[in-house]
Amino acid sequence: MTKLSQQPRSFEQALAEIESIVAAMEAGQLPLEQSLAAYKRGAELLQYCQAQLREAQQQVKILEAGTLQNFSGDNGNE
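Residues numbered from 1 in each chain as written. Predicted model: local features only at pLDDT ≥ 70, side-chain atom pairs only at ≥ 80, totals over all residues. Heavy atoms only, no water.

Student: Hey, could you go over helix H1 (residues 11-27) for me, with residue numbers and the actual values?
Tutor: Spanning 17 residues, H1 covers 24 Å between terminal C-alpha atoms, matching the ideal 24 Å at 1.5 Å per step. In the segment just after H1, Gly28 is the residue with positive phi, at about 70 degrees. (Helix = DSSP H or I, 4+ residues; strand = E, 2+ residues; numbered from the N terminus. Expected span 1.5 Å × (residues − 1).)

Student: Give a description of the pattern of salt bridges that names residues and reports values.
Tutor: Using the criterion set out here, one finds 2 salt bridges in the structure. Two residues, Arg41 and Glu17, come together in a salt bridge whose shortest N-O distance is 2.8 Å. Taken as a pair, Arg41 in helix H2 (residues 32-65) and Glu17 in helix H1 lie far apart in primary sequence, 24 residues in all. Comparing Arg41 with Glu17, the two get one shared label, buried. The shortest N-O distance in the salt bridge between Glu44 and Arg41 comes to 3.8 Å. (Salt bridge = Lys/Arg side-chain N within 4 Å of Asp/Glu carboxyl O. Buried < 20%, exposed > 50% of the residue type's maximum accessible area, 1.4 Å probe, protein only.)

Student: I'd like a description of H2, backed by residues and values.
Tutor: Taking 1.5 Å of rise per residue, 34 residues should cover 50 Å, and H2 covers 49 Å from first to last C-alpha, within 8% of that figure. Where H2 is buried, its residues meet H1. (Contact = heavy atoms within 4.5 Å.)

Below is the structure:
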């Protein structure tokens, strides 16, 4: 597993690590200390992912308030 203090490089990397942690914990083969460390790392990654999603949502709101608000598409079938 990754060190607890290491920041993920991307949202996708963090999500993949969370999935790996969940799989390891569901397998039930981790000793108590490793389970606690895995849970703590999973919580840190979850906070990172939530922050990334909030930032993306804010960017979408900014875009919707600006140039993309009146976009109607290129297909002309409307």
